[in-house]
Amino acid sequence: MNIPMKPELEQILLSRKIQPTAMRLLVLEELSRVNMAVSLNELEASFDKADRVTLYRSLKTFRKHKLVHSIEDGSGSLKYALCEEDCECKPEELHAHFHCNKCNATFCLKDYHLPVSGLPRRFVLEEMNLVLKGLCDACSA
Ligand SMILES: [Zn+2]
Ligand SMILES: [Zn+2]
Ligand SMILES: [Zn+2]
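Rules of the game
Residues numbered from 1 in each chain as written. Chains lettered and ligands numbered in written order. Predicted model: local features only at pLDDT ≥ 70, side-chain atom pairs only at ≥ 80, totals over all residues. Heavy atoms only, no water. Donors = N, O, S within 2.8 Å, 3.2 Å for Na, K, Ca; no water. Buried < 20%, exposed > 50% of the residue type's maximum accessible area, 1.4 Å probe, protein only. Helix = DSSP H or I, 4+ residues; strand = E, 2+ residues; numbered from the N terminus. Contact = heavy atoms within 4.5 Å. Expected span 1.5 Å × (residues − 1). Arc of directions from axis to C-beta. Axes fitted to C-alpha atoms, helices over the stretch in contact; angles between N-to-C directions. Parallel < 35°, antiparallel > 145°, perpendicular 65-115°, else oblique. Nonpolar A, V, L, I, M, F, W, Y, C, P; charged D, E, K, R; others polar.

Moving on, we come to the coordination of the zinc ion (ligand 3). Ideal geometry at a metal gives 109.5 degrees between four tetrahedral donors and either 90 or 180 degrees between six octahedral ones. Protein ligation of the zinc ion (ligand 3) involves H69 (NE2), H95 (NE2), H97 (NE2) and C108 (SG), the donor distances falling in the range 2.0 to 2.2 Å. In this structure H95 comes out as buried when scored by relative accessible area, which is 10%.

Next up on the list: the side chain of S39. Topologically, S39 is positioned in strand β1 (residues 38-39). Among the residues examined, S39 registers a relative accessible area of 3% and is labelled buried. What S39 contacts, discounting residues up to four positions off in sequence, is S77, L78 and K79.

For helix α4 (residues 52-64), spanning 13 residues, the distance from its first C-alpha to its last is 18 Å, which sits close to the expected 18 Å at 1.5 Å a residue. Of the residues making up α4, those classed as buried are L55, S58, L59, T61 and F62. What you see down the axis of α4 is that its buried residues fit within an arc of 160°, all on one side. Of the exposed residues in α4, those oriented more than 90 degrees away from the buried face are R57 and K64. The inward-facing, buried residues of α4 contact α1 (6-15), α2 (22-34), α3 (40-45), β2 (68-71) and β3 (79-82).

Bound to the zinc ion (ligand 2) on the protein side are C100 (SG), C103 (SG), C136 (SG) and C139 (SG), at distances that span 2.3 Å. Each donor residue of the zinc ion (ligand 2) lies on one chain, and together they are spaced C-x2-C-x32-C-x2-C. Of the two residues, C103 sits in the loop between β4 (95-100) and β5 (106-113) while C136 sits in the loop between β6 (131-134) and α5 (137-140), which places them 33 residues apart along the sequence.

Attention now moves to the packing of α1 against α2. At a minimum axis separation of 10 Å, α1 and α2 run at an interaxial angle of 105°. One element, α1, and the other, α2, form an angle in the roughly perpendicular class. Each of K6, L9, E10, I12 and L13 in α1 lies in contact with α2, whose residues at this interface are R24, L25, L28, E29 and S32. Here the contact of α1 with α2 is built from residues that sort into 5 nonpolar, 1 polar and 4 charged.

Here it is in structure tokens:
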């Protein structure tokens, strides 16, 4: 996956109505670079001098504007991954995730959509969290 250049990163933020601050650009760049879901701790570890609160706020802003979605992968910390360009984070847009039991990485399975039909009457779906677990390509080799 290509890492977008700065003007593109700015454009991505603006298209989500997020003011492109220096820190938000860095966080977006990092999320694009790793191409997997990251926790706040992992994000913090990849920055030399960024305070945790600022990082956390950036992630929260990103999530509110549907630039990222969050995943509970069972590792104990919430992880965040970039959404597809036009994602509105609706249940029918949700996809499954894959968690590697060995390296603890979590990946979006973007083509693995979840069934949203078959709910009992008057049940309203708001979230769905399907995590497949096993070994990622690097760990299964
Ligand atoms: Zn989304
Ligand atoms: Zn792995
Ligand atoms: Zn995902």
